[in-house]
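Structural features, examined
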Amino acid sequence: MRQQLLLLLALAGFVDQTAGASSAVCFSYTQESACTDVEGCEWTQVVGSGGACVGISCPPETAAAECNTRPGCTFDDSCPEPEDQQCVEQICDAGDLESCVSDDRCQWSSRLKCTVATCGEYPSEKCCRHDPECEWDVTVAPALCRQTYCPKTYTTQSACDQDSTCLWSTSLSKCLVLNCNELNACACRNTAGCFLDTAKDRCVESTFGQCPTLDVVLLIDGSGSMTYTFGRHPHGFYALIEILRDWIHSVPLTGEKARDKNLPPEGPTTGGLRVGIIQFSGKNAGWYSYSWEGITYWYWWDGYPESRETYGNIGTGGLLSGDVNELDDDLDWHDKYFLHKGTMIQGGLEDAGRMFDDSELLRQRVLFIITDGQIFDPHRLAPARKKLDKENVETFGVVVRRQSYHTSADRSAELTLAPVTSDPNEDHIMNIMLDEITSSVLNDMCNPRGKFGSLIMAKTNTPGQAGVHQPCSSYENSNACTVDAGCKWHPSDEECEDSPCFKHCDQPTCAADTVNLCLWDDKTGCLKETICAFHDEKSCADSPQDCKWDGTECNPAPCTHNTLEEDCLADTNQCTWVDGCVVTPCTAGVEADCKSNPQCVWEIDACDGSTAMCGMAGCTGYSAASDCRADPRCLWAGGKCSAKTCTEFHHEACCDANAGCKWDITTTPTTCQQKECYAISGQQNCEDDTNCMW
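Residues numbered from 1 in each chain as written. Predicted model: local features only at pLDDT ≥ 70, side-chain atom pairs only at ≥ 80, totals over all residues. Heavy atoms only, no water.

1. Here's the deal with the overall build of the protein
Formally: Comment: elements are numbered from the N terminus, with helices defined as DSSP H or I runs of at least four residues and strands as E runs of at least two. Throughout this description, buried means an accessible area under 20% of the type-specific maximum (1.4 Å probe, protein chains only), exposed means over 50%, and partly exposed covers the range between. Any two residues whose heavy atoms approach within 4.5 Å are treated as being in contact. For every accessible area listed, the method is Shrake-Rupley and the probe measures 1.4 Å; residues are considered covered only by the protein chains on display.
Helices and strands together make up the secondary structure of the protein, namely 24 helices and 34 strands. When each of the 694 residues of the protein is scored for burial, the buried share is 46%. Counted over contacts in the protein with a minimum sequence separation of 6, partners at least 24 positions apart contribute 52%. Surface exposure of the protein reaches about 35100 Å², of which carbon and sulfur atoms provide 51%.

2. Quick notes on a nonpolar patch on the surface
Counted only if it meets this: Patches in this entry comprise residues that are over 30% relatively accessible and not in a salt bridge; like charges within 9 Å are linked, as are nonpolar side chains (Val, Leu, Ile, Met, Phe, Trp, Tyr) within 5 Å. Think of a salt bridge as a Lys or Arg side-chain nitrogen and an Asp or Glu carboxyl oxygen that are within 4 Å of each other.
On the surface, a nonpolar cluster with roughly 450 Å² of combined accessible area is contributed by Tyr 290, Trp 292, Ile 295 and Tyr 297. Those elements giving two or more residues to the nonpolar patch turn out to be β15 (286-292) and β16 (295-301).

3. Description of the pairing of strand β24 (residues 525-528)
Applied cut-off: Paired strands, in this sense, are two strands between which DSSP finds at least two bridges.
Both strand β23 (residues 518-521) and β24 contribute to a ladder of four bridges, which runs antiparallel. Opposite Trp 520, over in β24, you have Cys 526 as the bridge partner. Count of turn residues in the β23/β24 antiparallel hairpin: three residues.

4. Concerning helix α11 (residues 324-336)
What counts, and what does not: A helix's residues, less one, multiplied by 1.5 Å, set its expected span. Any pair of nitrogen or oxygen atoms within 3.5 Å is treated as a polar contact; in protein, a donor-acceptor pairing is required on top of that, and neighbouring residues in sequence qualify only through side-chain atoms on both sides.
With 13 residues, α11 should cover 18 Å at 1.5 Å per step; its first-to-last C-alpha distance of 18 Å lies within 8% of that length. Taken together, the buried positions of α11 are occupied by Glu 326, Leu 327, Asp 328, Asp 330, Leu 331, Trp 333, His 334 and Asp 335. Contact partners of the buried residues in α11: α6 (125-129), α10 (236-248), β14 (273-283) and β17 (304-308). The N-cap of α11, judged by a side-chain oxygen 3.2 Å from the amide nitrogen of Asn 325 a few residues on, is Asp 323.

5. So, helix α13 (residues 382-390)
Convention followed: Throughout, the arc means that of the directions going from the helix axis to the C-beta atoms.
Every buried residue belonging to α13 is among Ala 384, Arg 385 and Leu 388, and all of these are buried. Buried residues of α13 fall within an arc of 100° about the axis and therefore sit on the same side. Facing away from the buried side of α13 by over 90 degrees, the exposed positions are Ala 382, Pro 383, Lys 386 and Lys 390. Taken together, the buried residues of α13 touch α12 (346-356), β18 (364-371) and β19 (393-401).

6. Side note on the packing of aromatic side chains
Rules: Centres within 6.5 Å are what make two rings of Phe, Tyr or Trp a pair, Trp counting through its six-membered ring; a difference in plane orientation under 30 degrees is then read as stacked, over 60 as edge-to-face, and the rest as tilted. Only when the NZ atom of a Lys or the CZ atom of an Arg is both within 6 Å of the ring centre and within 35 degrees of the ring normal do we say a charge sits over the ring.
Tallying each qualifying case throughout the model produces nine aromatic pairs. Of note, Lys 126 hangs over the ring of Tyr 238, and the distance from its end group to the ring centre comes to 4.4 Å. The side chain of Arg 189 reaches across the aromatic face of Phe 502, ending 4.4 Å from its centre.

7. Topic: the nonpolar core
Using the following cut-off: Among buried residues, the Ala, Val, Leu, Ile, Met, Phe, Trp, Tyr and Cys ones that are joined through side-chain atoms within 4.5 Å form a nonpolar core.
Ranked by internal contacts, the top residues of the largest apolar core, which has 41 residues, are Leu 218, Trp 247 and Phe 368. Elements with a minimum of two residues in this core: β13 (214-221), α10, β14, α11, β18, β19, β20 (429-433) and α16 (451-457). Counting residues per element, this core draws most heavily on α10, at eight residues. If we skip the residues at most four places from it in the chain, Trp 247 touches Phe 208, Leu 218, Leu 273, Val 275, Leu 442, Asn 443 and Met 445. Core analysis: the second largest hydrophobic core is formed by 23 residues, Ile 278, Phe 280, Val 393 and Leu 417 among them.

8. Observations regarding the pattern of salt bridges
Evaluation of the coordinates by the stated rule reveals 26 salt bridges. The residue Arg 146 makes a salt bridge to Asp 104 at a minimum N-O spacing of 3.3 Å. Here Arg 146, found in strand β8 (residues 144-147), pairs with Asp 104, found in the loop between α5 (97-101) and β5 (106-108); they are 42 residues apart in sequence, far enough to count as distant. The salt bridge involving Lys 341 is made with Glu 306; its shortest N-O contact spans 2.7 Å. Placement of the pair is Lys 341 in the loop between α11 and α12 and Glu 306 in strand β17, with a sequence separation of 35 residues. Put simply, Asp 215, Glu 256, Arg 274, Glu 360 and Arg 363 are held in one network by salt bridges that share partners.

9. Points about the state of the cysteines
Here is the idea: a disulfide is a covalent bond, and it sits between the sulfur atoms of two cysteines. Where we set the bar: Throughout, a disulfide means two cysteine sulfur atoms within 2.5 Å of one another.
The tally for this structure, following the rule as stated, stands at 22 disulfides. In this model Cys 628 forms its disulfide with Cys 641; the gap between the sulfur atoms is 2.1 Å. One disulfide, between Cys 628 and Cys 641, carries an S-S torsion of 80° and so falls in the right-handed class. In this pair, Cys 628 sits in helix α22 (residues 625-630) while Cys 641 sits in strand β32 (residues 640-643), placing the two residues 13 residues apart along the sequence.

10. Overview of the side chain of Ser 499
Take Ser 499: it is sitting in the loop between β22 (495-498) and α18 (507-512). Overall, Ser 499 belongs to the buried group, its relative accessible area being 2%. Discounting chain neighbours no more than four positions away, the residues touching Ser 499 are Ala 485, Gly 486, Cys 487, Lys 488 and Lys 528.

11. Remarks on unusual backbone geometry
For the peptide bond that leads from Asp 423 to Pro 424, omega is -10°, which places it in the cis range. Checked against the element boundaries, Pro 424 lands in the loop between α14 (408-417) and β20. Phi angles above zero are rare outside glycine, and Cys 92 is one such case at about 60°. Among the structural elements, Cys 92 can be located in the loop between β4 (86-89) and α5. Relative accessible area serves as the criterion here: at 11%, Cys 92 is assigned to the buried category. Positive phi is not limited to glycine here, since Asn 392 has a value of about 60°. Topologically, Asn 392 is positioned in the loop between α13 and β19.

12. Section: a negative patch on the surface
As a reminder of what qualifies: Only four residue types enter the tally: Lys and Arg on the positive side, Asp and Glu on the negative side; His and the chain ends are excluded. Here the site of a charge means NZ on Lys, CZ on Arg, CG on Asp, or CD on Glu.
A contiguous patch of negative charge on the surface is contributed by Asp 493, Glu 494, Glu 495, Glu 497, Glu 565 and Glu 566. Within the residue set of the negative patch, elements represented by two or more residues are β22 and α20 (565-570). With respect to the helices and strands, Glu 497 occurs in strand β22.

13. A word on the sheet that holds β17
Where we set the bar: For helices, the fitted line uses only the C-alpha atoms of the stretch in contact; every axis is such a line through C-alpha atoms, and the angle between N-to-C directions lies from 0 to 180 degrees.
The six strands lie next to each other as β17-β14-β13-β18-β19-β20, forming an open sheet whose pairing is mixed. If you trace the sheet from one side to the other, it starts and ends with β17 and β20, each paired once. Going from strand to strand, the sheet's axes swing by 25° on average, the running direction of each strand aside. Where β18 meets β19, seven bridges bridge the pair, whose relative direction is parallel. From the neighbouring strand, Leu 367 faces β19, where its bridge partner is Thr 395. Of the strands in this sheet, β14 and β17 touch α11, which is tilted by about 10° from β14.

Structure follows, in structure tokens:
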């Protein structure tokens, strides 16, 4: 069967028959992961068989002159940098429609000819991702460059503007994939996945809506093993560079240039992130040899670390920067000056410490170490590690593995990297695929529920510091959701979503929306009126809503904003559900405050005979039967109101400690009640009740 498939592949042009044994060797591998580990082999998908390992007929490193003489090969110079130009197979030379469109890199033209599709001319991920119109598609094997959805689908601005996931670029006159950073306030309010940070007057991806002011240093592995295939990325280091490039174009940077020192002590007033990039490598320790007069001599070399960052006027100059253009230049530089040596991290850690020397006191400091292999200088890292701890740097480790499954290589990397991270080590390390680094690490650093994000956000003094409104998806329950004036709880989905009010862009439209009770605020825009969204004491006091001014801001009065009983009872403000959510009466902890309310009495708790607390006035105060019976603690009998047995216990633990009593959560407020059987008198009456025994 495999011989038949080999013949089929050869006829289809997938196997270079001139390569002879080379192709046969590749074809012996039946798994994609094993295939891509072998130099000269690649995995290709074949209809009806799932896939096969074939020999590369046009080795990329082949020189131009030789390449162009090889059957089916051509030297591709579409990449601007000479070092990125390579020998590739000739594509899109099929003579019929069916054969042409079977290759995703090709298209059938109106002239009835097979031509290269837009972006199909880029043979490598590095060149592909430099073009804003293209993306590297790892969903097929081998991976290839294809045109992104927006420019492929829409050729005019009017059509592009109709799709909320796309944005028309006036400078390029093309429809590109949406970037929240480029939206104005109104468009941001109405675009899914984008968040209008009204406190800082900018549009960001929702995932970054809660970011504190951060200085982030990326310490990336420049060792030789990063040249290998990672998943369907043919070159791990170049793939990582392009992943970081996409990220810096989406993250909310400060806009501050690296050499701008005219800033307040806390850094840029607009908040946001600054980023630094360092590459580490070096010559690993080990036994080395040399020959002299026919004799081989062996010696131990302790290795030496090496690290690189830009310098002088290149990009950031090796400093923290909030400017996207400077960081782009840094990535270009690292792309060009790939160290390609061993895995030695000491120099990189020391450079990270120096980079954080320029970090302002009030900015949080985060270091991400990204590597694929075992660290060979762990014995040298203590001084650098101590300096980072002294500067309050939160250090995280990320092992990027080559396959979906674990190998001894990535396990060794994890074991040597974990001790370099902050304590507790197990919470500060991840072992993931390269494709997962954006979603699991970079875009998750400000997520209070993420593995790394929870640790970073726990250190900020202002979680959700985006003003009165933060990304609605960050709220986990209706109570937190409804307090945010820009959000609305969706009961059926149990999710927090943007309020319809927040999507209105001007005051007349906002005021006209009476269905959603919208209210215009000059600082934050259109918000729902049902919350106390006011920024001055007078507006707060004059509000028809139940609002309280706490000296600095307007907040809902305790309890009243809860619209669901479950949220009411879970509220830490000691709330009670009585035809709506209200503050539980008589909960004051001070005797004078308790006695100031005629409904309350300061009494000694019967549980221990000494603890005093505030409780509801006794049952003897009721003169009407209806008032007495309405109180779950009281009993009307013989024309007077008296306390039921067990109601003298005011704490659940104390109540349950008494054999004849139980804590009743069905009453409002909750009370201690006598157990049903204990209220029955006489043996016969007790035995008549099947739930009781004498």
